[in-house]
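Descriptive analysis of the structure
Listed below are the residues making up each chain.
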Amino acid sequence: MSREAGTSRRAGPGGGGRDRVDDVVILGGGAAGLSLAHWLTRTGTTALTVVEAPDGPLRPAERTWCSWDDGPGEFEEAVTASWPRMRVRAPDGGVVEAAPAPLRYRMLRSQDFERLVHARLAAHPAARVLRATAHTVRNVPEGAEVRCATGDGRTLTLRGRYVFDSRPPPGLPPSRTTLFQHFRGWFVRTASPRFDTGVADLMDFRVPQPRHGLAFGYVLPLGPERALVEYTEFSRTPLTTAAYDEALRHYTGNVLRLGPLGVDSTEQGVIPMTDARFPRRVGPAVFRIGAAGGATRPATGYTFAAVQRQSRAIAAALRDGAAHVPRPHARRALAMDAVLLRALDTGRIDGPEFFTGLFRRVPMERLLRFLDGRSTPWEEFGIGLRTPVGPMLRTAAELPFLPRRAASRPEESRT
Ligand SMILES: Cc1cc2nc3c(=O)[nH]c(=O)nc-3n(C[C@H](O)[C@H](O)[C@H](O)COP(=O)(O)OP(=O)(O)OC[C@H]3O[C@@H](n4cnc5c(N)ncnc54)[C@H](O)[C@@H]3O)c2cc1C
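Residues numbered from 1 in each chain as written. Predicted model: local features only at pLDDT ≥ 70, side-chain atom pairs only at ≥ 80, totals over all residues. Heavy atoms only, no water.

Focus on the sheet that holds strand β11 (residues 178-190)
Pairing within the open sheet is mixed, and its seven strands lie in the order β6-β5-β12-β13-β14-β11-β15. Looking at which strands have only one partner, the edges of the open sheet turn out to be β6 (95-98) and β15 (261-274). Adjacent strand axes in the sheet meet at a mean angle of 15° when their direction is disregarded. The pairing of strand β5 (residues 85-89) with strand β12 (residues 199-204) spans five bridges and is parallel. In the strand pairing of β12, Arg87 is matched with Asp201. (Pairing = 2+ DSSP bridges. Helix = DSSP H or I, 4+ residues; strand = E, 2+ residues; numbered from the N terminus. Axes fitted to C-alpha atoms, helices over the stretch in contact; angles between N-to-C directions.)

Next up, the structure:
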C-alpha cells in the first residue's frame, strides 16, 4: 500500500509500537533518498518506506539539480530545460564553447522531481512516503530500527532489513582541505530577448575575483527572456545575501548587460567541497547515501549524477541478494580532486586560468566524462598533463604529510 502520511500498518499501543517491517527504510526524501526509492521499485524490492521530514526547518529549500547525460533518463518528465551546447568564458571574455554530443546539460527542479517520484511510489503496491522526523537508528538482529516522530507528535518505530540514511550529518568529517561552493541565483525576466536557449554558461569568469578562491557567473536560459543567473564562489566562507545580490547586480548589469530585469524567484546554497572521507557503512545494516555519504564530487560540487549511479548500483546489488553501497567516486578521482582543492586553497594555481585552460585543451565531452568518473586512466593522465604540472605535483607531494582537521559546515540559507 502506498501513501504519504504519518499512518501505520500496525501502530502499537500509544503510538509507540513497531509500525511495520520493510525490506528497506530510507531516511530523507531528497535527491538521494527518492532516487534510491525509485531504483528499488524498478528492481523489485518488496516493501520500502521513505521517511521524509514534515514541512519545517529540516526540509531544504527548493532547488535546481543540473547534470549532463547522454539521453532522456528516468526522470525526463521532470526536466525543466536542457541545453545541447555548453560554454566557459575566460576573464578576458575568450570563449570555449562546444556541443559535447551525446551529452546534454539538463535541469530538474526539486519540486518537480519530488512530485514525479512521489507519484511513482504511490502507484507501487509496497512503497510509501512517511512524513516524520527520523531520530535514532539502532542495530537489531536482522536489520535496524528507526525511531521517528510524526508531525502530530506520535512516535513510530520502523524496522528495515536495511536502512539507507541521507539525512545531512551535523558536521563534516575531518579533512585536509574544505572549501565551499556557495552561490545565489536569480530567476530573471528581461524586457527583450537576451538569451540563447541552446547554450548553458557553466563558468563565466568575467566577474571580479575574490582574494581567496575563485568566482564565476552561471547562466541557464529558460526562454529568450528568462534565465537562471547565478553568482558562485569556491572559497572558505559564504557571503551575506546582500553581498551576493550586489555581485549579481554587477554581473547582470555590467557584464551581461541584460538591461531592465525582474527577479521572479531566487535560489541559494552552500555545497562543501572537501577531501574528507565519508563513511558509507555505519552499522551492520545501515548505510549513508547521497551528500551525507560523499556523493558530492569535491572538485565541482556536482552530486546528482553520482547519486543516480550509486542508487542504481545499490538497487541492483539488493536485487542480487547483496547489500553493497559502492563508492560514489573512484579513489583516483578523489585523489586528483584533493590535489586541486589544496592547490586552489593555497593560491598555487589561478582558478579561472585553471578551469578555462582545461576546457580549452581537453575536448569537452572527455572532460565531462572525466568529471563523471567515466574516463580511462590513460585519458586521466592526458588531462593531468594539461594542468599546471609543477604546482600540482608539488601539492600532491605535500598532501600525505598534512593532518586532517575538523571543519564546520556553514548554515544553508533557505531563501
Ligand atoms: C541550492 C542547491 C543547488 C544545487 N544544485 C546542484 C546541481 O545543479 N547539480 C548537482 O549535481 N548538485 C547540486 N547541488 C548539490 C546536491 O545535489 C544537493 O545538495 C542534493 O540535494 C543532495 O541530495 P541529498 O539527497 O544527499 O540531500 P537532500 O536533497 O538535502 O536530502 C536530504 C533530505 O533529508 C531530509 N531530512 C533531514 N533530516 C531529516 C530527519 N531527521 N528525518 C527525516 N528526513 C530528514 C530533508 O528534508 C531532505 O529532504 C545543489 C545543492 C544546493 C544546496
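Text resumes after the structure shown.
As for the sheet that holds strand β3 (residues 64-69)
Within the open sheet, the three strands sit side by side as β3-β7-β4. Their pairing is antiparallel. In this open sheet, the two edge strands, each paired with only one partner strand, are β3 and β4 (79-83). Neighbour to neighbour, the strand axes of the sheet diverge by 20° on average, direction disregarded. Of the pairings in the sheet, the one linking β3 to strand β7 (residues 104-109) comprises six bridges and is antiparallel in character.

As for the domain arrangement of the protein chain
For the protein chain, the assigned domains read domain 1 (178-274) and domain 2 (331-401). Just the C-alpha atoms count here: the centres of domain 1 and domain 2 sit 24 Å apart. Between domain 1 and domain 2, the residue contacts involve 10 residues of the former and seven residues of the latter. Carbon and sulfur atoms supply 80% of the area that domain 1 and domain 2 bury against each other, a total of about 860 Å² over both sides. By the criterion of area lost to domain 2, the three top residues of domain 1 are Leu179, Phe205 and Leu214, representing 43% of everything that side buries. Linking domain 1 with domain 2 are one salt bridge. A salt bridge links Asp345 to Arg236, with the nearest nitrogen and oxygen atoms 3.0 Å apart. The interface formed by domain 1 and domain 2 contains two residue pairs in polar contact (both at pLDDT 80 or more). For the side of domain 1 that touches domain 2, the class distribution of residues is six nonpolar, three polar and one charged. (Domains from an automatic or database assignment. Contact = heavy atoms within 4.5 Å. Buried area = accessible area lost by both parts, 1.4 Å probe. Salt bridge = Lys/Arg side-chain N within 4 Å of Asp/Glu carboxyl O. Polar contact = N/O pair within 3.5 Å; in protein donor to acceptor, adjacent residues only side chain to side chain. Nonpolar A, V, L, I, M, F, W, Y, C, P; charged D, E, K, R; others polar.)

Remarks on the packing of helix α1 (residues 31-43) against helix α2 (residues 110-122)
Relative to each other, α1 and α2 sit at 35°, their axes nearing to 10 Å. Helix-helix and strand crossings are classified by hand; for α1 and α2 the assignment is left-handed. Residue-level inspection shows Ala31, Leu34, Ser35, Ala37, His38 and Thr41 of α1 in contact with α2, the latter providing Phe113, Glu114, Val117, His118, Arg120 and Leu121. (Left-handed = near helix turned anticlockwise from the far one by under 90°.)

Details of the site of the ligand
Near the ligand you find 31 residues, and of these Ala32, Cys66, Ala291, Thr303 and Phe304 are the closest. Leu58 has a polar backbone atom sitting 3.3 Å from an oxygen atom of the ligand. Ala291 is positioned with one of its backbone polar atoms (N or O) 2.8 Å from an oxygen atom of the ligand. Considered on its own, the ligand offers 980 Å² of accessible surface; in the complex 92% of this is hidden by protein. Mapped onto the shell around the ligand, the elements with two or more residues apiece are α1, β2 (48-52), β3, β8 (127-140) and β15. (Near = heavy atom within 4 Å. Areas by Shrake-Rupley, 256 points an atom, 1.4 Å probe, with all protein chains shown as cover.)

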